[in-house]
Amino acid sequence: MTSNTATAVTTTLATLLPLSDARGWHRAACRGDPNHEAWFPYPSDDFGYARAICANCPIRTGCAEFAAETGQSGVWGGREYDRGRLVRE
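Residues numbered from 1 in each chain as written. Predicted model: local features only at pLDDT ≥ 70, side-chain atom pairs only at ≥ 80, totals over all residues. Heavy atoms only, no water.

Observations concerning the packing of aromatic side chains
Taken as a whole, this structure holds two aromatic pairs when the rule is applied. Here the aromatic rings of Trp39 and Tyr49 are separated by 6.5 Å at their centres, their planes lie at 65°, and the arrangement is edge-to-face. Of this pair, Trp39 sits in the loop between α1 (3-22) and α2 (48-55) while Tyr49 sits in helix α2, placing them ten residues apart in sequence. Residue classification places Tyr49 among the partly exposed residues on the basis of a relative accessible area of 37%. (Phe/Tyr/Trp six-rings, centres within 6.5 Å; stacked < 30°, edge-to-face > 60°. Helix = DSSP H or I, 4+ residues; strand = E, 2+ residues; numbered from the N terminus. Buried < 20%, exposed > 50% of the residue type's maximum accessible area, 1.4 Å probe, protein only.)

Here's the deal with helix α3 (residues 60-70)
Those residues of α3 not exposed but buried are Gly62, Cys63, Ala64, Phe66 and Ala67. Gly71 sits one or two positions beyond α3 and adopts a positive phi of about 70°.

Quick look at the pattern of salt bridges
Any two side chains of opposite charge can pair if their charged atoms end up close together. Inspection of the entire model under this criterion finds four salt bridges. With its nearest N and O atoms 3.4 Å apart, the salt bridge here joins Glu89 to Arg79. Taken together, the residues Glu89 in the segment after β3 (85-88) and Arg79 in strand β2 (residues 79-82) connect sequence positions ten residues apart. On the basis of relative accessibility, which here comes to 56%, the residue Glu89 falls in the exposed class. The exposure class assigned to Arg79 is partly exposed, which follows from its relative accessible area of 30%. The structure contains a network of salt bridges with shared partners spanning Asp82, Arg83 and Arg85. (Salt bridge = Lys/Arg side-chain N within 4 Å of Asp/Glu carboxyl O.)

That is the geometry; function is a separate question.
What follows is the structure, given as C-alpha coordinates:
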(Lines give C-alpha, C1' and ligand atoms only; values in the text may rest on other atoms or scores of the structure.)
Protein backbone atom coordinates (compact mmCIF):
# COMPACT_ATOMS: atom_id res chain seq x y z
CA MET A 1 0.00 0.00 0.00
CA THR A 2 1.42 3.35 -0.97
CA SER A 3 1.50 6.30 1.38
CA ASN A 4 -1.23 8.06 -0.61
CA THR A 5 -3.45 4.97 -0.55
CA ALA A 6 -2.95 4.54 3.19
CA THR A 7 -3.83 8.19 3.76
CA ALA A 8 -6.98 7.87 1.64
CA VAL A 9 -8.10 4.74 3.51
CA THR A 10 -7.45 6.40 6.87
CA THR A 11 -9.34 9.51 5.81
CA THR A 12 -12.29 7.44 4.61
CA LEU A 13 -12.41 5.41 7.82
CA ALA A 14 -12.11 8.52 9.95
CA THR A 15 -15.07 9.98 8.08
CA LEU A 16 -17.26 6.86 8.33
CA LEU A 17 -16.61 5.78 11.90
CA PRO A 18 -18.23 8.77 13.62
CA LEU A 19 -21.31 8.30 11.41
CA SER A 20 -21.62 4.65 12.31
CA ASP A 21 -21.07 5.28 16.03
CA ALA A 22 -23.72 7.99 16.07
CA ARG A 23 -26.41 5.72 14.66
CA GLY A 24 -26.43 3.00 17.30
CA TRP A 25 -24.77 0.27 15.25
CA HIS A 26 -24.25 -1.74 18.44
CA ARG A 27 -28.03 -2.44 18.34
CA ALA A 28 -28.05 -3.72 14.74
CA ALA A 29 -29.84 -7.04 14.26
CA CYS A 30 -27.13 -8.17 11.84
CA ARG A 31 -24.28 -7.53 14.27
CA GLY A 32 -22.24 -10.71 14.60
CA ASP A 33 -24.22 -12.61 11.96
CA PRO A 34 -21.99 -15.41 10.62
CA ASN A 35 -23.58 -15.45 7.15
CA HIS A 36 -21.43 -12.65 5.68
CA GLU A 37 -22.21 -13.46 2.04
CA ALA A 38 -25.92 -12.78 2.58
CA TRP A 39 -25.21 -9.08 3.04
CA PHE A 40 -23.43 -8.74 -0.30
CA PRO A 41 -25.49 -10.73 -2.83
CA TYR A 42 -24.90 -10.67 -6.55
CA PRO A 43 -27.71 -8.85 -8.37
CA SER A 44 -29.27 -12.14 -9.42
CA ASP A 45 -29.09 -13.70 -5.93
CA ASP A 46 -31.91 -13.81 -3.43
CA PHE A 47 -31.44 -11.44 -0.51
CA GLY A 48 -34.38 -12.76 1.51
CA TYR A 49 -32.19 -13.90 4.42
CA ALA A 50 -30.73 -10.43 4.92
CA ARG A 51 -34.12 -8.77 4.48
CA ALA A 52 -35.62 -11.05 7.14
CA ILE A 53 -32.90 -10.09 9.63
CA CYS A 54 -33.39 -6.40 8.80
CA ALA A 55 -37.18 -6.58 9.16
CA ASN A 56 -37.10 -6.30 12.96
CA CYS A 57 -33.94 -4.23 13.31
CA PRO A 58 -34.25 -1.12 15.50
CA ILE A 59 -31.86 0.87 13.29
CA ARG A 60 -33.19 -0.21 9.91
CA THR A 61 -34.03 3.29 8.66
CA GLY A 62 -30.72 4.78 9.80
CA CYS A 63 -28.83 1.90 8.24
CA ALA A 64 -30.44 2.48 4.84
CA GLU A 65 -29.80 6.23 5.08
CA PHE A 66 -26.15 5.56 5.96
CA ALA A 67 -25.75 3.35 2.87
CA ALA A 68 -27.23 5.98 0.56
CA GLU A 69 -25.28 8.88 2.11
CA THR A 70 -21.90 7.13 2.10
CA GLY A 71 -22.07 5.14 -1.15
CA GLN A 72 -22.22 1.65 0.32
CA SER A 73 -22.93 -1.59 -1.55
CA GLY A 74 -24.79 -4.62 -0.24
CA VAL A 75 -27.89 -5.04 1.89
CA TRP A 76 -28.46 -2.16 4.29
CA GLY A 77 -31.71 -1.63 6.17
CA GLY A 78 -33.42 -4.38 4.20
CA ARG A 79 -32.61 -2.79 0.85
CA GLU A 80 -29.88 -3.56 -1.64
CA TYR A 81 -27.51 -0.77 -2.67
CA ASP A 82 -24.81 -0.46 -5.29
CA ARG A 83 -22.41 2.36 -4.40
CA GLY A 84 -25.18 4.21 -2.58
CA ARG A 85 -27.77 3.77 -5.31
CA LEU A 86 -30.88 1.78 -4.38
CA VAL A 87 -31.07 -1.41 -6.45
CA ARG A 88 -33.85 -3.43 -4.77
CA GLU A 89 -36.27 -3.04 -1.89
